Amino acid sequence: MESLDAFRARARAWLAEAEPPEVPLDLDSRFTVLRRWQKTLFEAGWVGIAWSREAGGQGLTHSHQLVFVEELVRARAPQPIGLIGLEVVGPSIDRYGSDRQRTELLPRLLAGDDIWCQGFSEPEAGSDLASLRTRAVADGDDLVVSGQKIWTSWAHVAQWCALLVRTDPSVRKQAGISYLLVDMSSPGVTARPIRQMTGDGEFCEVFLDQVRVPRRNLLGAENEGWAIATHTLGSERAGATLRRRVELEVAVDDAISELRGRPETPRVRAALGRCHVAMRVLDAQTRRTTARLVAGTGPTPLDSVDKLVLNDVEQTVLAEIAGLLGPLRAVLGSHPHGLRSQRWVHEHLYSRAASIYGGSAQIQRTIVAERLLGLPRG
Amino acid sequence: MADDEYGAAVDEYLTRAYDGDRLRELLDAGAWHPELAAELAGLGWYSLAVPEDRGGLGAPLSALGAVFVQFGRHLVVGPQLENVLVPALLADERVAAVVETGVPVAVVDHGVTEEWAEDLGSVTLTSGRLSGTVHAVRFARQASLLVVIAGAAVCLVDPAAPGVRIDELDSADPGTEFARVVLDEVPADPIPDDDLVARLRSWAMLLLACELSGLAHRSLEHTVEHIGRREQFGRPVGSFQALQHIAADMHMRWTGLHNLCLATLADADEASVSELAIMAATAKAHAAEVAVSVCEDAIQLHGGMGFTTESVVSRHYTRALALRAWYGDQTELRRRIGASLLHETDPRRTT
Ligand SMILES: Cc1cc2nc3c(=O)[nH]c(=O)nc-3n(C[C@H](O)[C@H](O)[C@H](O)COP(=O)(O)OP(=O)(O)OC[C@H]3O[C@@H](n4cnc5c(N)ncnc54)[C@H](O)[C@@H]3O)c2cc1C
């Protein structure tokens, strides 16, 4: 297998020649540009690095994947558009899918031909995901799905959705859940974007009205979807932890370059110092995460500690940088202390979501308290 | 021996021979205990990082990190920092005696912080003579030798030499005795080593960060144990989510600090002098913030018991507060780190 150093050198050389695209602010053109970028990356062999070759991947390790993420972000190149497929849903299809599902779905997922979304949360089932109500009823070879999902990122542009549905309402709530792979062009599916605090309409409400899904689109067995959902959420957390560290590292570097050469105040120094400390904490924490990921140890309450550290660092760093915008934060196109206010306002606002999605900070704290510290259940 | 084995050995000894009643007695009797210092010297703890050709165990300096974590966890009082660190960094016969006896060396450093420079005083070396005052020196009254820092120079001074005056001061740190050192035209030879001051300060910072990490860890351990046992409203208070989340947060903050210390130690032996200065300042800045906040939560979660001198957590808190600004608190160090990021220069240049 290619050594990490050789792999890194090859990635760096390729990225230096690749002319990564500028990311447009407008969401529609952003989508088009980033989808084309994913295709470019895929054709050059940089997507699905740790995935098996039969699934269309490169058959390398998570360490190689991490190296590529580092190089990609440091080259100031954008991520491929299909992150939900690549980091969240795809690994579960690879692990639990039938041969047919894997060969039909995964190569298109990797190439960016199919964009995936994750239909888990519902209006009445957020943190308490297992209480979800979207129903699927058997009818011949199909399951007929009705219900509503919410906060489904990229649903309005996705071709496929990983959908959690209740197939047996008569048993304990985790036990009656199935994991369905739903074609978003099926009759009865409607996705409506919701505007986020950042101004983007990235996530959606999804309405499902008598949607017929062939039984062969069940991932795993009927009523055994909860374990797979847990696997999906684990991949989501691991992927985000590794990627966000590099992204934040680059963000702090960019902020330093923008601040350099301007009159220096104690506030600027203190803010940068605090960012640096926070980033070193994240770096130290991530060394352990990487070790666990590479070793392939399953989900543990330690993941919750990682997520809390990441949330904390992300929110601290972006609040410190955005804090330097002062009153000019609200003036579009301004450059207080040399900082590009538009970027930092956007990143700062987005950081507030970090402690909500992927299991809120409160849910993580409860896991740490009960499963790691062994405190009595409340 | 692997680094964590040193930590494990120290932990094992302190658990057996130091914790509990003995610690309580020691704390009530001040911070200087010659028999304890002699005992730790006898165990070889002061020669851990002394090179083998000078009769030490020859462990790398980074191995001291795990030891200071345990000093923090067990709240070991006395001149551990100077007795462990100075003999490891300074090849001199007069320093070597410490390793045998445990009678401390004291570091007379006016550059412990920049923000309180006015209040700490200063020392200058002019034509081979040291003059000046430092208003807070750890264990100067008990020391057999003073290591005086003046600018970039380090000089060894006999505390009984003419021109040296040492005034005892009262201490609010359960682990440290303080004195004022006044130097009036004291003849001295600087040690020829350009990086010694920077290395001494960086390692002091890093080991203090480890000690603070240990203090936070023990406070967390006591807290988890206490709230799992203490009952109110008919159930353990640790089953209340409000407390669970504070405890989880303490754990998260301590883990972050602990991992930062380990990562810094892992890189420290190979780092250049200027890299080490930033790395150590980073660890100390974080330790200053985390240890104090974890100890504060520990007191809160112990209720009234936490507010008494009976409770170990209150002692850990006062200790953490005393160490917080020794070689810089988060406010001072963040500014220093930020300045160096903007200039890419050695942040310890100034003192
Ligand atoms: C940017 C973004 C993108 C997202 N993308 C997707 C997606 O693609 N697909 C998808 O399925 N979902 C997605 N989500 C949804 C996300 O997973 C949920 O928002 C999350 O699970 C929280 O659920 P909720 O919003 O219903 O909040 P609630 O569960 O209603 O929580 C409200 C508050 O109560 C607290 N709380 C809840 N239960 C407890 C408890 N037991 N103890 C203590 N406190 C508690 C929470 O921490 C929170 O502070 C996304 C969310 C965001 C913000």
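Note that the coordinates shown come from a computational prediction; the quantities given were computed from them, not determined experimentally. (Residues numbered from 1 in each chain as written. Chains lettered and ligands numbered in written order. Predicted model: local features only at pLDDT ≥ 70, side-chain atom pairs only at ≥ 80, totals over all residues. Heavy atoms only, no water.)

The number of helices and strands found in chain A is 10 helices and eight strands. In summary, chain A has a C-alpha radius of gyration of 21 Å against a globular reference of 21 Å for 378 residues, a match within 12%. By principal-axis analysis of the C-alpha atoms, chain A measures approximately 70 × 50 × 40 Å. Every one of the 378 residues in chain A was classed for burial, and the buried ones make up 53%. Within chain A, residue pairs in contact and separated by at least 24 positions form 71% of the contacts whose partners lie at least 6 positions apart. Considering chain A, the positive charge centre built from 46 side chains and the negative charge centre built from 46 side chains are found 5 Å apart. (Helix = DSSP H or I, 4+ residues; strand = E, 2+ residues; numbered from the N terminus. Rg over C-alpha atoms; globule rule 2.2 N^0.38 Å. Buried < 20%, exposed > 50% of the residue type's maximum accessible area, 1.4 Å probe, protein only. Contact = heavy atoms within 4.5 Å. Lys, Arg positive; Asp, Glu negative; His and termini not counted. Charge placed at Lys NZ, Arg CZ, Asp CG, Glu CD.)

So, on to the site of the ligand. All names here are of chain A. Lining the immediate surroundings of the ligand are 16 residues, of which Gln118, Ser121, Ser127, Trp151 and Ser360 lie closest. In this structure, a nitrogen atom belonging to the ligand sits 2.9 Å away from a main-chain N or O atom of Trp151. Within the side chain of Ser153, one N or O atom sits 3.0 Å away from a nitrogen atom of the ligand. Considered on its own, the ligand offers 970 Å² of accessible surface; in the complex 66% of this is hidden by protein. For the shell around the ligand, the elements supplying multiple residues, two or more each, are strand E3 (142-153) and helix H10 (361-372). A class-by-class count of the residues in the shell around the ligand yields seven nonpolar, nine polar and no charged. Both domains that meet at the shell around the ligand, namely domain 2 (116-223) and domain 3 (227-372), each give it at least three residues. (Near = heavy atom within 4 Å. Polar contact = N/O pair within 3.5 Å; in protein donor to acceptor, adjacent residues only side chain to side chain. Areas by Shrake-Rupley, 256 points an atom, 1.4 Å probe, with all protein chains shown as cover. Nonpolar A, V, L, I, M, F, W, Y, C, P; charged D, E, K, R; others polar. Domains from an automatic or database assignment.)

Here we take up the pattern of salt bridges. Per the counting criterion, the structure on display carries 62 salt bridges over all chains. Between Glu370(A) and Arg377(A) there is a salt bridge, and its shortest N-O distance comes to 3.2 Å. Classification of Arg377(A) as exposed rests on a relative accessible area of 61%. Taking the shortest distance from any N to any O, the salt bridge between Glu221(B) and Arg218(B) comes out at 3.1 Å. Of the two residues, Glu221(B) and Arg218(B) both sit in helix H8 (residues 196-229), three residues apart, roughly one turn of that helix. When its relative accessible area of 29% is taken as the criterion, Glu221(B) is described as partly exposed. Judged by its relative accessible area of 14%, Arg218(B) falls in the buried class. (Salt bridge = Lys/Arg side-chain N within 4 Å of Asp/Glu carboxyl O.)

Attention now moves to the interface of chain B and chain A. Across the contact, 36 residues belong to chain B and 35 residues belong to chain A. Contact between chain B and chain A buries roughly 3000 Å² in total, counting both sides, with carbon and sulfur atoms accounting for 69%. The tally of links between chain B and chain A comes to three salt bridges. Note that Asp249(B) and Arg365(A) form a salt bridge whose closest N and O atoms lie 2.8 Å from each other. Taken together, the connections running from chain B to chain A amount to 11 residue pairs in polar contact (both at pLDDT 80 or more). (Buried area = accessible area lost by both parts, 1.4 Å probe.)

Residues and elements named next belong to chain A. Within the secondary structure, Ala270 is located in helix H7 (residues 266-295). Among the residues examined, Ala270 registers a relative accessible area of 23% and is labelled partly exposed. It is 13 Å that separates the C-alpha atoms of Ala270 and Ala319, two residues lying 49 residues apart in sequence.

Residues and elements named next belong to chain A. Its domain assignment divides chain A into domain 1 (4-111), domain 2 (116-223) and domain 3 (227-372). Using only C-alpha atoms to locate each centre, domain 1 and domain 3 end up separated by 22 Å. Between domain 1 and domain 3, the residue contacts involve 18 residues of the former and 21 residues of the latter. A combined buried area of about 1700 Å² lies between domain 1 and domain 3, and 63% of that area is made up of carbon and sulfur atoms. Area buried by domain 1 at its contact with domain 3 is led by Leu66, Arg76 and Glu87, which between them contribute 28% of it. Viewed at the interface, domain 3 and domain 1 are joined by four salt bridges. The shortest N-O distance in the salt bridge between Asp254 and Arg76 comes to 2.6 Å. Along the contact surface separating domain 1 from domain 3 lie six residue pairs in polar contact (both at pLDDT 80 or more). Broken down by secondary-structure element, the contributors of at least two residues to the side of domain 1 that touches domain 3 are helix H3 (62-74) and helix H4 (83-96). Taken together, the residues of the side of domain 1 that touches domain 3 break down into nine nonpolar, four polar and five charged.

This next bit is on the nonpolar core. Residues Phe71(B) and Leu85(B) are the most contacted members of the largest nonpolar core, which totals 141 residues. The element that contributes the greatest number of residues to this core is H8(B), accounting for 17 residues. Apart from residues no more than four positions distant in its own chain, Leu85(B) is found in contact with Leu61(B), Gln80(B), Leu200(B), Trp203(B), Ala204(B) and Leu207(B). Membership of the second largest hydrophobic core comes to 65 residues, among which are Val88(A), Leu163(A), Leu181(A) and Val206(A). (Core = buried A, V, L, I, M, F, W, Y, C linked by side-chain atoms within 4.5 Å.)

Bringing the packing of aromatic side chains into the picture now. All names here are of chain B. This structure, assessed with the given rule, holds 14 aromatic pairs over all chains. Between Phe68 and Phe71, the ring centres sit 5.0 Å apart and the planes meet at 75°, which makes this aromatic pair edge-to-face. Separated by three residues within a single helix, Phe68 and Phe71 lie in helix H4 (residues 64-73), roughly one turn from each other. Take Phe68 and Phe71: they sit in the same class, and that class is buried. Each ring, one from Phe233 and one from Phe240, has its centre 6.2 Å from the other, and the planes form 85°; the classification is edge-to-face. For Phe233, a relative accessible area of 78% translates into the label exposed. (Phe/Tyr/Trp six-rings, centres within 6.5 Å; stacked < 30°, edge-to-face > 60°.)

Residue and element names in this part refer to chain B. A sheet is described by the order of its strands in space; here four strands give the open sequence E2-E3-E7-E6, paired in antiparallel fashion. Edge positions in the sheet fall to strand E2 (121-126) and strand E6 (164-169), since each has one partner strand and no second. Between one strand and the next, the sheet's axes are offset by a mean angle of 15°, whatever the strand orientation. One ladder, built from six bridges, connects E6 with strand E7 (residues 178-187); its direction is antiparallel. In the strand pairing of E7, Ile166 is matched with Val181. (Pairing = 2+ DSSP bridges. Axes fitted to C-alpha atoms, helices over the stretch in contact; angles between N-to-C directions.)

Residue and element names in this part refer to chain B. Pairing is mixed across the open sheet formed by three strands, whose spatial order is E1-E4-E5. Looking at the sheet topology across the chains shown, the edges are occupied by strand E1 (105-108) and strand E5 (153-157). Between one strand axis and the next, the sheet turns by 20° as a mean value, whatever way the strands run. With four bridges connecting them, E1 and strand E4 (residues 145-150) associate as parallel partners. Counterpart to Val107 in the pairing with E4 is Val147. Packed on one face of the sheet, helix H5 (residues 80-89) meets E1 and E4 and runs near 85° to E1.

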